[in-house]
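# Descriptive structure summary
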Amino acid sequence: MRTLFAKRALWQSIRTGVPVDGQGKPVPWITFPALDYLSRLDFSQANVLEYGGGQSSLWWAARAKTVTTVEGRATWAEMIRSQAPENLRLIGPVEGTSYVESPLKEGRMFEVIVIDGFLRPECARASLPFLVEHGLLMLDNSDWNAPTCDWLRTQGMMQIDFHGFGPVNDYTWCTSVFVRQKSAVPHLGAGWAAEVYGNLEQTM
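Residues numbered from 1 in each chain as written. Predicted model: local features only at pLDDT ≥ 70, side-chain atom pairs only at ≥ 80, totals over all residues. Heavy atoms only, no water.

### Brief notes about the packing of aromatic side chains
On inspection of all chains with the given rule, the structure shows 8 aromatic pairs. For the ring pair Y51 and Y99, a centre distance of 5.8 Å and an interplane angle of 40 degrees mean the geometry is tilted. Here Y99 lies in helix α6 (residues 96–101) and Y51 lies in strand β1 (residues 47–51), a separation of 48 residues in the sequence. Like Y51, the residue Y99 is buried in the burial classification. Through pairs of rings, three or more aromatic residues link up here, namely F43, W59 and W60. (Phe/Tyr/Trp six-rings, centres within 6.5 Å; stacked < 30°, edge-to-face > 60°. Helix = DSSP H or I, 4+ residues; strand = E, 2+ residues; numbered from the N terminus. Buried < 20%, exposed > 50% of the residue type's maximum accessible area, 1.4 Å probe, protein only.)

### Looking at helix α7 (residues 120–127)
Considered for burial, the residues of α7 that qualify are R120, C123, A124 and S127. Relative to the axis of α7, the buried residues are bounded by an arc of 100 degrees and lie together on one face. Where α7 is buried, its residues contact β1, α6, β4 (110–115), β5 (131–140) and α8 (146–154). (Arc of directions from axis to C-beta. Contact = heavy atoms within 4.5 Å.)

### Section: the nonpolar core
Of all hydrophobic cores here, the largest spans 30 residues; its most connected members are L38, F43, V48, W60, V67, V112 and L136. Those residues in contact with L38, other than ones at most four positions away along the chain, are I30, F43, W59, W60 and M138. By size, the runner-up hydrophobic cluster in this structure holds 23 residues, among which are Y99, F110, L128 and M157. (Core = buried A, V, L, I, M, F, W, Y, C linked by side-chain atoms within 4.5 Å.)

### Focus on helix α5 (residues 74–83)
Along α5, the positions that sit buried rather than exposed are A77, M79 and I80. Along the axis of α5, the buried positions cluster into a sector of 165 degrees, meaning they face one direction only. Facing away from the buried side of α5, by more than 90 degrees, are the exposed residues T75, E78 and S82. On its buried side, α5 packs onto α4 (55–61), β2 (66–70) and β3 (88–91).

### Thoughts on the pairing of β3
Examined bridge by bridge, β2 and β3 share 4 bridges and lie parallel to one another. Across the sheet, the residue bridging to V70 is I91, located in β3. What joins β2 to β3 is α5, and the crossover it makes is right-handed. (Pairing = 2+ DSSP bridges. Right-handed = clockwise from strand over helix to strand, strands pointing away.)

### Section: the packing of α7 against α8
Two elements in contact, α7 and α8, have axes whose closest approach is 9 Å; the angle formed by their N-to-C orientations is 15 degrees. Here α7 lies roughly parallel to α8, going by the angle between them. Both α7 and α8 take part in a crossing whose hand is right-handed. Taking contact as the criterion, the partners of R120, P121, A124 and R125 in α7 are, on α8, T148, W151 and L152. (Axes fitted to C-alpha atoms, helices over the stretch in contact; angles between N-to-C directions. Parallel < 35°, antiparallel > 145°, perpendicular 65-115°, else oblique. Left-handed = near helix turned anticlockwise from the far one by under 90°.)

The structure is reproduced here in structure tokens:
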């Protein structure tokens, strides 16, 4: 409980509704196991497309080469725009077909596609052709979006599920990562962060 509520700041994020880590820095609103996995990958050369912005936009911008975020809510769009670094491009607020299609009109390819906002089935179908062969697609709340998961698997994507607690929520859910067989996102190596182990000290 100490690890979950204090070190991982779950209690703070439940109270405030803002996903942060133990140091108060922005984190995506996804499960902790998925966050731990993504935190060990090198995205420094990645162009990221994100459907549904917020704290996650700032987290990705700190790690990726570029981030294009599509947001449908005016309040979230204003918050992101006020804090956006130079490598973060915000589209929004937009709704309907514009929400799905606006970041794809330029024909740009992405190493990472994050689907965590509105119209998730439509976003998955429209954006998948713009994912590079070795890239990854992340679908949050995949346990609520089984048909979308089914469709992605029919397109040759391998589904990796990360179940567990995450920021803000007082229940567990699932965040899934989808990759093709040629996926080659570099791993950072080295050891895991201390908060992953909690109070259990690991010796190498």
